[in-house]
Amino acid sequence: MRRFFSRTAPPLILLGLGVVLGACGVPEEEPPAAVEDSKILLEEDPDAVEGVALDDEGNIVTGDLDISSEDGSAAGTAAGATDQGMTIYFDYDSTTVKPRFAETIQRAAAHLQNNPAGRLRLEGHTDERGTRAYNLALGERRAQSVRDMILELGALAEQVDWVSYGEELPAVTGQDEGIWGQNRRVEIILEE
Amino acid sequence: MNPTRLRACALLLSLFVGAAQAEFRIDIEQGVEQGIPIVLVAYSESEKKLVEVVGADLARSGFFNVLDPETAPQAAVREGDLNWDAWDGHLAEYAVTAMVSPGAGRLQLDIRLFDLLAGKAVLARRLSAKPKQLRRLAHQAADALHEQITGIPGAFDTRIAYIGQTREAGRVRYRLYVADADGHNPIAILTSPRPLLSPVWSPDGMSLAYVSFETRRPQVFLQNLRDASRRALPGSGRSSSAPAFSPDGRRLALAMTVDGDMEIFIYALDTGSLSRFTYSEGIDTEPAWEAAGQGLVFTSDRSGKPKLYRQGLRDAQARMLPLPGNYTTDAVVSTDGRYLAFVQSTEAGGYGVALFEPESDGLFPLSSGTLDEAPSFAPNGFSLIYASTTRNGEQVLMLASHNGRIRQRLPLAHSDVREPAWSPYRR
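Cut-off values and rules
Residues numbered from 1 in each chain as written. Chains lettered and ligands numbered in written order. Predicted model: local features only at pLDDT ≥ 70, side-chain atom pairs only at ≥ 80, totals over all residues. Heavy atoms only, no water. Helix = DSSP H or I, 4+ residues; strand = E, 2+ residues; numbered from the N terminus. Rg over C-alpha atoms; globule rule 2.2 N^0.38 Å. Buried < 20%, exposed > 50% of the residue type's maximum accessible area, 1.4 Å probe, protein only. Contact = heavy atoms within 4.5 Å. Lys, Arg positive; Asp, Glu negative; His and termini not counted. Charge placed at Lys NZ, Arg CZ, Asp CG, Glu CD. Pairing = 2+ DSSP bridges. Salt bridge = Lys/Arg side-chain N within 4 Å of Asp/Glu carboxyl O. Polar contact = N/O pair within 3.5 Å; in protein donor to acceptor, adjacent residues only side chain to side chain. Phe/Tyr/Trp six-rings, centres within 6.5 Å; stacked < 30°, edge-to-face > 60°.

J.: Let's hear about the overall build of chain B: which residues, and what values?
T.: For chain B, the helix and strand inventory stands at four helices and 31 strands. Taking 2.2 N^0.38 as the reference for a compact globule, 427 residues should give roughly 22 Å; the C-alpha atoms of chain B span a radius of gyration of 23 Å, in line with that estimate. With respect to the principal axes defined by its C-alpha atoms, chain B has extents near 75 × 50 × 45 Å. Buried positions account for 62% of the 427 residues belonging to chain B. The long-range share in chain B, meaning contacts at least 24 apart out of those at least 6 apart in sequence, stands at 42%. On chain B, the mean spot of the 45 positive side-chain charges and the mean spot of the 48 negative ones are 7 Å from each other.

This is how it looks when you write it as structure tokens:
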């Protein structure tokens, strides 16, 4: 508390309450509107929204998970063609893959084993709760959990790329557990 | 000791004690009544416009009760001096007059501060700016008044950076904005179809570091505000996040993944050398430099839960900060090193911003929202800006005074804003 006093009322200023009429502090100006000259518009890349296109509701359009069109012989089960089929969901602040997603992981691993040139991209996501940089790390952990399991099943390391988007690209927007649960996920995306 | 200032000190002290008792749910309308009463006098339209900006600045600081200009006496001034007789019995302790005059192609402001209790003028300052920079003049005047009365420099003539998100023709756009500290004059300095986050100012105020997903991975970029040049750090091809400038501006702490584990690294901006700082199993991220640059505070889940740790630059071991709860993350340190602001989970299941004073181990919750995050200190260490999500899901920026008395939504022209970063003082 004593420290707070001395900081708020430096003795010099306490004593120096004299009239300072006419003392003119004319601040030097910065060069005009420095930041105005530095606008950057990143190029729109037609591929930029691949896998992360948003519909009018702000939901991610995940049309790229259509495994049956990827390779009918490999993982072309009917279930594999659905959005849910290749997305793995997690508990709050957890990076543990639940047993019910074992089949999904097996399917992804089998696809890679049957297609030596095949590539997967794992995109880790979190819900909006918690801080953004930490969630970036959490999403990465989730993607790595899935990657480790796929590699254990015989896929090659170079076949699996992974990235975390943290909480930046929610599948669904809103604020309740039902929505958060849909956002805590790893999307398995087959790449050509 | 001047009685007014003694009162001000006592007031501040009582506010601080109040903060310790966690009396934080005070709206600005109620909170200001305890501040130092001050009235701003204006006559012409430009003076009124200017005084409005000055008054809003002072009110936001949490130190002042800015009275309605209408309460000023009819004949407030006389022959260049305060008409002292007319002020007898006035509620205010301070009166301010502002005279705006067009100088030689420049706007000129003469601001004067009168101590009504002591019965004398205590500050007279002439400021000038280009004709279109009336607001900037007002912020500079507010800075001078704040410092004269409280002894603490104002941080009104500063800027903020933040991220905004919009949907245009069905496509999402992320923008990095730079605006005045009161939210006016926003300029998008970067527009991207992919997410942006974590902007931080270099200590010289000349550049911003931030995370961009433009390469489809999170990567730290450094962008010069003057010439718009930008580069990826520590180099292209690797993911990096959570940048934090060292106080001397020569190094950047950031998070990168090695062997499947996120660790904190320190990147030397002049030599480009990269050194690893943490070696723990588990996530290490969100580094924040201590004020003197001798150590870092960061988030780690090595204990199983995300908690804040402190580690000196030469230390091999990190020490967990003595903070309660299972979720304490995203620390920032005030420039004087006195406070640490961070995010903690709340009993209601939300997230709030809190202050920690390392010297006393004092903990002062500042906010308790559903999703309050990303605190950033004003360069004077007495105000904070942070991101909040309203009940209907709107993302807004909030300003809070260090004592928790003032908590106010920053008025911005656009919605869905987040990740605020307060600039250093202008040079």
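So that's the structure; there's more coming.
J.: Give me the sheet that holds strand β1 (residues 40-41) of chain A: which residues, what numbers.
T.: Ordered by their spatial adjacency, five strands build an open sheet running β1(A)-β10(B)-β9(B)-β8(B)-β31(B), and the pairing between neighbours is mixed. The sheet terminates laterally at β1 of chain A together with β31 (417-422) of chain B, the two strands that pair on one side only.

J.: Kindly report on the side chain of Glu128 of chain A, identifying the contributing residues and their values.
T.: Position of Glu128 of chain A among the secondary structure elements: in the loop between β5 (119-125) and α5 (132-152). With no salt bridge to any partner, buried Glu128 of chain A finds its closest opposite charge in Arg129 of chain A, at an N-O distance of 6.8 Å. At 3.0 Å, the side chain of Glu128 of chain A and the side chain of Trp180 of chain A are in polar contact. Those residues in contact with Glu128 of chain A that sit more than four places away from it in its chain are Asn135, Glu167, Gly174, Gln175 and Trp180 of chain A together with Leu371 of chain B.

J.: Help me get a handle on the pairing of strand β24 (residues 340-345) of chain B, residues and values and all.
T.: Residue and element names in this part refer to chain B. A large share of β24 lies buried, amounting to five of its six residues. Bridging between strand β23 (residues 328-333) and β24 involves four bridges; their strand directions are antiparallel. Bridge assignment links Val333 to a residue of β24, and that residue is Leu340. Joining the antiparallel neighbours β23 and β24 is a turn of six residues, in which Gly337 adopts a positive phi near 80 degrees. Two elements, β24 and strand β25 (residues 351-357), share six bridges in a ladder whose sense is antiparallel.

J.: Can you tell me about the pairing of strand β8 (residues 159-168) of chain B, naming the residues and giving the values?
T.: Residue and element names in this part refer to chain B. Sheet topology places β8 next to strand β9 (residues 171-180); ten bridges connect them, and they run antiparallel. The partner of Gln165 across the bridge, within β9, is Tyr174. Here β8 folds back onto β9 in antiparallel fashion, the turn holding two residues, of which Ala169 has a positive phi close to 50 degrees. Of the strand pairs in this sheet, β8 and β31 are connected by four bridges, and their pairing is antiparallel. Bridge pairing in β31 links Gly164 to Val417.

J.: Could you give an account of the packing of aromatic side chains, naming the residues involved and the relevant values?
T.: Residue and element names in this part refer to chain B. Within this structure, the stated rule accounts for eleven aromatic pairs over all chains. With 5.8 Å between their ring centres and 80 degrees between their planes, Trp84 and Phe114 make a pair best called edge-to-face. Of this pair, Trp84 sits in the loop between β4 (81-82) and β5 (94-102) while Phe114 sits in strand β6 (residues 107-115), and the two are 30 residues apart along the sequence. On the accessibility criterion, Phe114 (1% relative accessible area) is buried. Ring centres of Tyr339 and Phe364 lie 6.5 Å apart, and the angle between their planes is 85 degrees; on these two criteria the pair is classed as edge-to-face. In this pair, Tyr339 is assigned in the loop between β23 and β24 and Phe364 in strand β26 (residues 362-365), connecting sequence segments 25 residues apart. Looking at Tyr339, the relative accessible area reads 1%, which means it is buried. Classification of Phe364 by relative accessible area gives buried; the value is 7%.

J.: So what's going on with the pattern of salt bridges? Which residues, and what values?
T.: All names here are of chain A. On inspection of all chains with the given rule, the structure shows 31 salt bridges over all chains. For the salt bridge of Lys98 with Asp91, the shortest nitrogen-to-oxygen distance reads 2.9 Å. Note on Asp91: relative accessible area 40%, which makes it partly exposed. Between Asp161 and Arg121 there is a salt bridge, with the nearest N and O atoms lying 4.0 Å from each other. Note that Asp161 is positioned in strand β6 (residues 160-166) and Arg121 in strand β5, a separation of 40 residues in sequence. The class of Asp161 is partly exposed, set by a relative accessible area of 31%. Relative accessible area serves as the criterion here: at 4%, Arg121 is assigned to the buried category.

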